[in-house]
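Geometric and topological summary
Single-letter residue listing:
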Amino acid sequence: MKILLTYSSKTGNTKKVAEAIGEALQLRAVPVEEKPAVTGYDLVIAGYWVDRGTADAKMKDFLGKLTSQKVALFATLGAEANSEHATQCLENGAALLGEGCEVVGRFICQGKVADEMVDMMKNMFPAGHPHAMTPERLARIEKAATHPDAADLAAAREYFSRLCLDRQ
Ligand SMILES: Cc1cc2nc3c(=O)[nH]c(=O)nc-3n(C[C@H](O)[C@H](O)[C@H](O)COP(=O)(O)O)c2cc1C
(Lines give C-alpha, C1' and ligand atoms only; values in the text may rest on other atoms or scores of the structure.)
Protein backbone atom coordinates (compact mmCIF):
# COMPACT_ATOMS: atom_id res chain seq x y z
CA MET A 1 0.00 0.00 0.00
CA LYS A 2 1.35 3.40 -0.94
CA ILE A 3 0.54 5.72 1.94
CA LEU A 4 1.22 9.43 2.38
CA LEU A 5 1.28 10.67 5.97
CA THR A 6 1.24 14.45 6.07
CA TYR A 7 0.38 17.05 8.69
CA SER A 8 0.24 20.71 9.55
CA SER A 9 1.19 21.90 13.04
CA LYS A 10 1.72 25.38 14.44
CA THR A 11 2.83 24.65 17.99
CA GLY A 12 3.81 20.95 17.80
CA ASN A 13 0.72 19.04 19.04
CA THR A 14 -0.34 17.69 15.66
CA LYS A 15 3.30 16.97 14.81
CA LYS A 16 3.52 14.71 17.90
CA VAL A 17 0.44 12.78 16.80
CA ALA A 18 1.74 12.56 13.21
CA GLU A 19 5.06 11.19 14.44
CA ALA A 20 3.35 8.60 16.63
CA ILE A 21 1.33 7.42 13.61
CA GLY A 22 4.52 7.41 11.54
CA GLU A 23 6.24 5.26 14.13
CA ALA A 24 3.39 2.75 14.11
CA LEU A 25 3.25 2.55 10.31
CA GLN A 26 6.99 2.97 9.74
CA LEU A 27 6.40 6.01 7.58
CA ARG A 28 7.90 9.47 7.60
CA ALA A 29 5.47 12.15 8.71
CA VAL A 30 5.79 14.78 5.97
CA PRO A 31 5.14 18.42 6.93
CA VAL A 32 2.56 19.76 4.48
CA GLU A 33 4.92 22.70 3.84
CA GLU A 34 7.04 20.21 1.83
CA LYS A 35 4.18 20.16 -0.68
CA PRO A 36 3.83 16.39 -1.14
CA ALA A 37 2.31 15.19 -4.43
CA VAL A 38 -1.48 15.14 -4.38
CA THR A 39 -2.10 11.99 -6.44
CA GLY A 40 -0.94 8.40 -6.65
CA TYR A 41 -1.61 6.99 -3.17
CA ASP A 42 -3.69 4.10 -1.93
CA LEU A 43 -4.27 6.14 1.21
CA VAL A 44 -3.58 9.69 2.32
CA ILE A 45 -3.40 10.25 6.09
CA ALA A 46 -3.70 13.99 6.66
CA GLY A 47 -3.58 15.80 10.00
CA TYR A 48 -4.33 19.39 10.96
CA TRP A 49 -4.71 21.65 13.95
CA VAL A 50 -8.19 23.04 14.36
CA ASP A 51 -8.35 26.72 13.54
CA ARG A 52 -11.74 28.28 14.21
CA GLY A 53 -13.66 25.09 13.73
CA THR A 54 -11.94 23.68 10.68
CA ALA A 55 -8.56 22.69 9.24
CA ASP A 56 -5.84 25.33 9.43
CA ALA A 57 -5.11 27.24 6.22
CA LYS A 58 -2.15 25.13 5.07
CA MET A 59 -3.98 21.83 5.37
CA LYS A 60 -7.12 23.40 3.94
CA ASP A 61 -5.18 24.20 0.80
CA PHE A 62 -3.74 20.66 0.57
CA LEU A 63 -7.07 18.88 1.18
CA GLY A 64 -8.72 20.91 -1.56
CA LYS A 65 -6.14 19.70 -4.06
CA LEU A 66 -6.77 15.98 -3.42
CA THR A 67 -9.10 14.30 -5.91
CA SER A 68 -10.36 10.71 -6.01
CA GLN A 69 -8.19 9.64 -3.06
CA LYS A 70 -9.01 7.60 0.00
CA VAL A 71 -8.28 9.83 2.96
CA ALA A 72 -7.99 9.31 6.71
CA LEU A 73 -8.10 12.54 8.69
CA PHE A 74 -6.68 13.30 12.10
CA ALA A 75 -6.65 16.53 14.07
CA THR A 76 -5.87 18.12 17.41
CA LEU A 77 -7.99 20.78 19.08
CA GLY A 78 -8.43 22.61 22.36
CA ALA A 79 -11.93 21.25 23.04
CA GLU A 80 -12.74 17.78 24.37
CA ALA A 81 -12.16 15.03 21.81
CA ASN A 82 -15.61 13.55 22.41
CA SER A 83 -17.44 16.88 22.02
CA GLU A 84 -19.84 17.80 19.24
CA HIS A 85 -17.40 20.54 18.31
CA ALA A 86 -14.66 17.92 17.72
CA THR A 87 -16.96 15.85 15.49
CA GLN A 88 -17.87 18.99 13.56
CA CYS A 89 -14.21 19.97 13.15
CA LEU A 90 -13.50 16.61 11.47
CA GLU A 91 -16.64 16.96 9.37
CA ASN A 92 -15.53 20.43 8.29
CA GLY A 93 -12.11 19.05 7.32
CA ALA A 94 -13.76 16.30 5.27
CA ALA A 95 -15.90 18.89 3.48
CA LEU A 96 -12.73 20.57 2.19
CA LEU A 97 -11.63 17.51 0.19
CA GLY A 98 -11.60 17.71 -3.58
CA GLU A 99 -13.91 15.78 -5.85
CA GLY A 100 -14.20 12.02 -5.59
CA CYS A 101 -12.35 11.66 -2.26
CA GLU A 102 -13.59 9.14 0.27
CA VAL A 103 -12.99 9.53 4.00
CA VAL A 104 -12.04 6.12 5.39
CA GLY A 105 -10.86 7.11 8.87
CA ARG A 106 -11.06 9.90 11.46
CA PHE A 107 -9.13 10.48 14.66
CA ILE A 108 -9.07 13.51 16.93
CA CYS A 109 -7.51 14.35 20.29
CA GLN A 110 -6.95 17.37 22.49
CA GLY A 111 -3.91 19.61 22.14
CA LYS A 112 -2.56 22.32 24.42
CA VAL A 113 -3.80 25.76 23.42
CA ALA A 114 -0.88 28.14 22.95
CA ASP A 115 -0.38 30.57 25.87
CA GLU A 116 -0.59 33.57 23.52
CA MET A 117 -3.99 32.40 22.32
CA VAL A 118 -5.24 32.03 25.89
CA ASP A 119 -3.96 35.52 26.78
CA MET A 120 -5.56 36.93 23.66
CA MET A 121 -8.92 35.40 24.54
CA LYS A 122 -8.64 36.75 28.08
CA ASN A 123 -7.86 40.27 26.90
CA MET A 124 -9.77 40.59 23.68
CA PHE A 125 -13.32 39.55 24.42
CA PRO A 126 -15.49 41.36 26.97
CA ALA A 127 -17.65 39.38 29.40
CA GLY A 128 -20.79 38.17 27.65
CA HIS A 129 -19.08 37.86 24.26
CA PRO A 130 -19.37 34.33 22.78
CA HIS A 131 -15.56 33.95 22.95
CA ALA A 132 -15.10 35.62 26.34
CA MET A 133 -13.09 33.69 28.92
CA THR A 134 -15.41 31.90 31.34
CA PRO A 135 -14.44 29.60 34.22
CA GLU A 136 -15.70 26.63 32.13
CA ARG A 137 -13.59 27.64 29.15
CA LEU A 138 -10.54 28.15 31.34
CA ALA A 139 -11.04 24.70 32.88
CA ARG A 140 -11.20 23.14 29.39
CA ILE A 141 -8.05 24.96 28.36
CA GLU A 142 -6.26 23.78 31.50
CA LYS A 143 -7.35 20.23 30.78
CA ALA A 144 -6.05 20.49 27.21
CA ALA A 145 -2.64 21.65 28.46
CA THR A 146 -1.37 18.12 29.09
CA HIS A 147 -2.39 16.85 25.63
CA PRO A 148 -1.58 15.12 23.44
CA ASP A 149 -0.48 12.79 26.22
CA ALA A 150 0.87 9.24 26.15
CA ALA A 151 -2.64 7.79 26.00
CA ASP A 152 -3.58 10.00 23.01
CA LEU A 153 -0.43 8.94 21.16
CA ALA A 154 -1.05 5.27 21.93
CA ALA A 155 -4.64 5.62 20.72
CA ALA A 156 -3.44 7.24 17.48
CA ARG A 157 -0.89 4.45 16.90
CA GLU A 158 -3.50 1.80 17.50
CA TYR A 159 -6.20 3.46 15.41
CA PHE A 160 -4.03 3.86 12.33
CA SER A 161 -2.31 0.46 12.65
CA ARG A 162 -5.73 -1.16 12.68
CA LEU A 163 -7.05 1.00 9.84
CA CYS A 164 -4.11 0.06 7.61
CA LEU A 165 -4.30 -3.63 8.52
CA ASP A 166 -8.00 -3.68 7.70
CA ARG A 167 -7.36 -2.09 4.33
CA GLN A 168 -4.63 -4.51 3.24
C1 LIG B 1 -5.96 30.81 16.04
C2 LIG B 1 -6.40 29.57 16.76
C3 LIG B 1 -7.68 29.08 16.56
C4 LIG B 1 -8.11 27.92 17.23
N5 LIG B 1 -9.39 27.48 17.04
C6 LIG B 1 -9.84 26.41 17.75
C7 LIG B 1 -11.19 25.96 17.62
O8 LIG B 1 -11.98 26.48 16.85
N9 LIG B 1 -11.57 24.92 18.38
C10 LIG B 1 -10.74 24.27 19.25
O11 LIG B 1 -11.18 23.34 19.92
N12 LIG B 1 -9.44 24.65 19.37
C13 LIG B 1 -8.97 25.69 18.64
N14 LIG B 1 -7.66 26.09 18.76
C15 LIG B 1 -6.73 25.26 19.56
C16 LIG B 1 -5.83 24.40 18.65
O17 LIG B 1 -6.56 23.73 17.65
C18 LIG B 1 -5.06 23.34 19.47
O19 LIG B 1 -4.32 23.95 20.51
C20 LIG B 1 -4.17 22.48 18.57
O21 LIG B 1 -3.77 21.34 19.30
C22 LIG B 1 -2.90 23.20 18.09
O23 LIG B 1 -2.16 22.27 17.32
P24 LIG B 1 -0.64 22.47 16.91
O25 LIG B 1 0.20 22.46 18.17
O26 LIG B 1 -0.34 21.29 16.04
O27 LIG B 1 -0.51 23.77 16.20
C28 LIG B 1 -7.22 27.23 18.12
C29 LIG B 1 -5.91 27.72 18.29
C30 LIG B 1 -5.50 28.88 17.64
C31 LIG B 1 -4.09 29.37 17.85
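Residues numbered from 1 in each chain as written. Predicted model: local features only at pLDDT ≥ 70, side-chain atom pairs only at ≥ 80, totals over all residues. Heavy atoms only, no water.

- Per an unreviewed UniProt entry, the recorded name for the chain is Flavodoxin, and the organism is Selenomonas ruminis.

**Let's talk about a nonpolar patch on the surface**
- Taken together, the side chains of Met117, Met120 and Met124 define a hydrophobic patch exposed on the protein surface, amounting to about 270 Å² of accessible area.
- By the element assignment, methionine 117 lies in helix H4 (residues 115-124). (Patch = residues over 30% accessible without salt bridge, like charges linked within 9 Å, V, L, I, M, F, W, Y side chains within 5 Å. Areas by Shrake-Rupley, 256 points an atom, 1.4 Å probe, with all protein chains shown as cover. Salt bridge = Lys/Arg side-chain N within 4 Å of Asp/Glu carboxyl O. Helix = DSSP H or I, 4+ residues; strand = E, 2+ residues; numbered from the N terminus.)

**Structural notes on helix H6 (residues 150-167)**
- For H6, which comprises 18 residues, the first-to-last C-alpha distance of 26 Å matches the rise-based estimate of 26 Å (1.5 Å per residue) to within 8%.
- On its buried side, H6 packs onto strand S1 (3-7), helix H1 (13-25), strand S3 (43-51), strand S5 (70-77) and strand S6 (102-110). (Expected span 1.5 Å × (residues − 1). Contact = heavy atoms within 4.5 Å.)

**Examining the packing of aromatic side chains**
- Within this structure, the stated rule accounts for 4 aromatic pairs.
- Ring geometry for phenylalanine 107 and phenylalanine 160: centres 6.3 Å apart, planes at 65°, overall edge-to-face. One end of the pair, phenylalanine 107, is in strand S6; the other, phenylalanine 160, is in helix H6, with 53 residues separating them in the sequence.
- Since its relative accessible area comes to 0%, phenylalanine 160 is described here as buried. (Phe/Tyr/Trp six-rings, centres within 6.5 Å; stacked < 30°, edge-to-face > 60°. Buried < 20%, exposed > 50% of the residue type's maximum accessible area, 1.4 Å probe, protein only.)

**Describing the environment of glycine 47**
- With respect to the element layout, glycine 47 can be found in strand S3.
- Considered as a pair, glycine 47 and phenylalanine 107 are 60 residues apart in the sequence and their alpha carbons are 9.0 Å apart.
- Leaving out residues up to four positions away in the same chain, glycine 47 has contacts with Thr6, Tyr7, Ser8, Thr14, Met59 and Phe74.

**Focus on the nonpolar core**
- Judged by nonpolar contacts, the single largest core of 25 residues is most densely connected at Val44, Tyr48, Met59, Phe62, Leu63, Leu66 and Leu73.
- At the level of secondary structure, the elements contributing two or more residues to this core comprise S3, helix H2 (57-65), S5 and helix H3 (84-94).
- One finds Ile3, Leu43, Val104 and Leu153 within the second-largest nonpolar core, a separate group that totals 21 residues. (Core = buried A, V, L, I, M, F, W, Y, C linked by side-chain atoms within 4.5 Å.)

**A short note on the pairing of S3**
- The element S3 is extensively covered by neighbouring structure, given that 8 of its 9 residues are classed as buried.
- Where S1 lies against S3, 5 bridges are found, and the strand directions are parallel. Residue pairing across strands places leucine 4 opposite valine 44, the latter belonging to S3.
- Pairing between S3 and S5: 6 bridges, direction parallel. Note on S5: the bridge partner recorded for tryptophan 49 is threonine 76.
- Pairing geometry for S3 and strand S4 (residues 54-55), over 2 bridges, is antiparallel. When the bridges of S4 are listed, valine 50 appears paired with alanine 55.
- In this structure, the hairpin formed by S3 and S4 is closed by a connection of 2 residues, where arginine 52 is found at a positive phi of approximately 50°. (Pairing = 2+ DSSP bridges.)

**Some details on the domain arrangement of the chain**
- On domain assignment, one finds that the chain holds domain 1 (3-111 + 148-167) and domain 2 (113-146).
- If you average the C-alpha positions of domain 1 and of domain 2, the two centres end up 25 Å apart.
- On the side of domain 2, 6 residues touch domain 1, which itself brings 7 residues to the contact.
- Summed over both partners, the interface of domain 1 with domain 2 comes to about 540 Å²; 48% of that surface belongs to carbon and sulfur atoms.
- The largest contributions to the domain 1 side of the interface with domain 2 come from Glu80, Gln110 and Gly111, which together make up 57% of the buried area.
- Connecting domain 1 to domain 2 are 1 salt bridge.
- In this structure, glutamate 80 and lysine 143 form a salt bridge, with 3.1 Å as the shortest nitrogen-oxygen distance.
- Taken together, the links from domain 1 to domain 2 amount to 2 residue pairs in polar contact (both at pLDDT 80 or more). (Domains from an automatic or database assignment. Buried area = accessible area lost by both parts, 1.4 Å probe. Polar contact = N/O pair within 3.5 Å; in protein donor to acceptor, adjacent residues only side chain to side chain.)

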